[in-house]
Amino acid sequence: MATYNGLRHLEEQLASLLAALAPDDELVVVDDASTDGTWERLERIGDARVRLHRNRSNLGVRASFERALSLARGEVILLCDQDDVWEPQRRDALLAAFDADPRVTVAVSDATLIDGEGRRIGDSFMATRGGFDGSLAGTLVRSRFLGCAMAVRRSVLATALPIPVRAPMHDMWLGAVGATLGRVAYLDTPLLRYRRHGGNASPSRSPSRLQALRWRLDLVIALAARRFARAPGPSAAPVAGGSDLAAVDAVAGSAPLLRPGALCVGIVVYRSELELLKTCLTKLGRAVCELAPTEARVLIVDNGPQDYSAALAASIAEFAEGALPYRLEVLSGHGNVGYGHGNNLAIERCDAEWHLVLNPDAELEPDALRNGIALLAGDPSVGMVAAWTAGADGQAQHLCKTYPSVAVLGLRALGLPFGRRLAAGYDVLPDPGPVTDVTGRLVSGSFMLCRASVLKSIGGFDPSYFLYFEDFDLSLRLGRVARVLWARDVRIVHHGGSAARKGWLHRRLFVRSAATFFSRHGWRLW
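Throughout what follows, the structure given in this document is the object of discussion. Here the structure is a predicted model, which is why all the values come from computation and not from measurement.

Here is what the cut-offs are and how they apply
- Residues numbered from 1 in each chain as written.
- Predicted model: local features only at pLDDT ≥ 70, side-chain atom pairs only at ≥ 80, totals over all residues.
- Heavy atoms only, no water.
- Buried < 20%, exposed > 50% of the residue type's maximum accessible area, 1.4 Å probe, protein only.
- Helix = DSSP H or I, 4+ residues; strand = E, 2+ residues; numbered from the N terminus.
- Pairing = 2+ DSSP bridges.
- Lys, Arg positive; Asp, Glu negative; His and termini not counted.
- Salt bridge = Lys/Arg side-chain N within 4 Å of Asp/Glu carboxyl O.
- Polar contact = N/O pair within 3.5 Å; in protein donor to acceptor, adjacent residues only side chain to side chain.
- Contact = heavy atoms within 4.5 Å.
- Axes fitted to C-alpha atoms, helices over the stretch in contact; angles between N-to-C directions.
- 1 Å grid on protein atoms, 1.4 Å probe; cavity = no way out; pocket = protein on both sides within 12 Å on 5 of 7 lines; lining within 4 Å.
- Points joined across faces, edges and corners; volume = space filled by probe spheres on them.
- Nonpolar A, V, L, I, M, F, W, Y, C, P; charged D, E, K, R; others polar.

1. Some words on the pairing of strand β14 (residues 354-358)
β14 sits mainly inside the fold: five of its five residues count as buried. Both faces of β14 are covered, namely the face carrying Trp354, Leu356 and Leu358 and the face carrying His355 and Val357. Relative to β14, strand β11 (residues 263-269) is paired through four bridges, and the arrangement is parallel. In the strand pairing of β14, glycine 266 is matched with valine 357. In this sheet, strand β19 (residues 447-451) lies alongside β14 in antiparallel orientation, the contact comprising five bridges. Opposite leucine 358, over in β19, you have phenylalanine 447 as the bridge partner.

What follows is the structure in structure tokens.
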């Protein structure tokens, strides 16, 4: 829902909407800097399903809906105006249309018409448009897509966002994109009461013929450009992009493809400490500045539950208020799919030459990326660069390993002191020079700077490792097709700890992943 000075009718809409939602649904509201008490009323809702966001300045209905769509986490997203009234069956009827046919990308219902006082003034909105036609050709003649009566499948957003600046309205654009990606379902039952009054954001009068022609030409051009630029897939929530972040609420940061030589960064989080994450992103920004004019795109993959996701979104929104030297996006709504699978979601979206796998508790030195990319760019045989790592105490963490034995890892997993001493024996000590070739060794996933083409050629991480050993597995597989270097002047600080200090659940995951690893790469008992 997007709101702006809609206090007069907001109460009735909220009552009908919240009554129709299920307990595990969410209502994302973006307020467009209202001045009539709308925001204050929203803050008093007191419903855990409601997530509130406010634009710092008035951006308009299209930008506000764009932000709301980017923040939504559901598989199906229903659009909602501030002044209508939902019929009780609206949610279930629209969801049923998607469940009935996986090809459906957009669903639209009919609506009755009411005036500002709630009096019925028409039985069918679609009848006033000559009936419904959801085809692209029909939309170009006359759009029947009414935003407040629409729902879209999440996969549509990967192509639809950001909404082009010259698109006529968000609903027409979403409908046209959906029509090119799949089927549009129409429900001829009125599922809401559509209020027509003097304060509607949608124009009550038709545009001039010249303006209508311009809109449709812009729509066709934008559709063609967007379909060529990207393929549909799970959606990413744009947070911010470019350097002009004073109007961050109006910016959708995932639009154009990165230029050649650019960098993508994937950061998987699961209840990760938010202050550490912000420190990671700040230090990453400084390292990216050292690469100028290289472009960079940072994708945070949120594996956390809903309560954490809400806190993450608020923290990222606050962080993005400053100027960032990279495009920042959050991928969420997919649940806890594991560390490897989560990283693959970022790798699949990588449109850059270099891809960095980075932990949210890692801090980069300012020249880390510059030095690492120089090694990759200077030798086509190199597929990965690992970092010289120190802990928070400044002591070196030798996270590059030789092939371990079952006994050593078992003692380490138990957290026994002598087990840790034995496990330290498989640490790789670097050569005296600036670079050590560690091809065939095990590299930590806290920092993996890769040639993206090589990373994709081996299929990224193996998702069968839910947690632990997925980085070791990847470094061995990548080492079979390219060289892996450990560079002394590529430096990070890593705040991570061992599985033994994280409880029995982590130990069980560690043992299970170890069994998978040894089964695939060979058993060594001692």
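2. Examining the side chain of arginine 153
With respect to the helices and strands, the residue arginine 153 is situated in strand β8 (residues 150-153). There is no salt bridge for the buried arginine 153, and the closest opposite charge comes from glutamate 75, which lies 4.2 Å off by N-O distance. Within the local environment of arginine 153, its side chain forms a polar contact with the backbone oxygen of aspartate 101, the two atoms lying 3.4 Å apart. Beyond its immediate stretch of four places on either side in the chain, arginine 153 contacts Glu75, Phe98, Asp101, Pro102, Val104 and Thr105.

3. Notes on the sheet that holds strand β2 (residues 27-31)
Hydrogen bonds along the backbone pair up the strands of a sheet, which may run parallel or antiparallel. In spatial order, the strands read β1-β2-β3; together these three strands make up an open sheet with parallel pairing. Of all the strands in the sheet, the pair left with one neighbour each is β1 (2-3) and β3 (50-54). Across two bridges, the pairing between β1 and β2 is parallel. Residue alanine 2 lies in a different strand from β2, and its bridge partner there is valine 30. Seen against the sheet, helix α3 (residues 61-71) touches β1, β2 and β3 and runs at an angle of roughly 150° to β2.

4. Comments concerning the pattern of salt bridges
Under the definition given, this model contains 24 salt bridges. For the salt bridge of aspartate 123 with arginine 120, the shortest nitrogen-to-oxygen distance reads 3.1 Å. Accessibility assignment for this pair places aspartate 123 and arginine 120 in one class, exposed. In this structure, aspartate 307 and arginine 271 form a salt bridge, with 3.7 Å as the shortest nitrogen-oxygen distance. With aspartate 307 in helix α11 (residues 306-319) and arginine 271 in the loop between β11 and α10 (274-289), this residue pair connects regions lying 36 residues apart in the sequence. What emerges from the salt-bridge pattern is a single network uniting Asp25, Arg91 and Asp92.

5. Remarks on the side chain of asparagine 344
Assignment of secondary structure puts asparagine 344 in helix α12 (residues 339-348). Contact partners of asparagine 344, with chain neighbours within four places excluded, come to Gly459, Gly460, Phe461 and Pro463.

6. Quick notes on empty space enclosed by the protein
Evaluated as defined, the whole model comprises two cavities of 30 Å³ or more. A volume near 80 Å³ is recorded for the largest cavity. For the largest cavity, the full set of lining residues is Ala386, Ala387, Thr389, Gln397, Leu399, Cys400, Val443, Ser444, Ser446, Phe447 and Trp486. Residue contributions to the lining of the largest cavity peak at three residues, all from strand β16 (residues 382-390). Of the residues contributing to the lining of the largest cavity, the split by class is seven nonpolar, four polar and no charged. Around the second largest cavity, the lining residues are Trp388, Pro430, Asp431, Gly433, Pro434, Val435, Thr436, Trp486, Ala487 and Arg488.

So, to be careful, I would describe these as geometric facts and stop short of saying anything about function.
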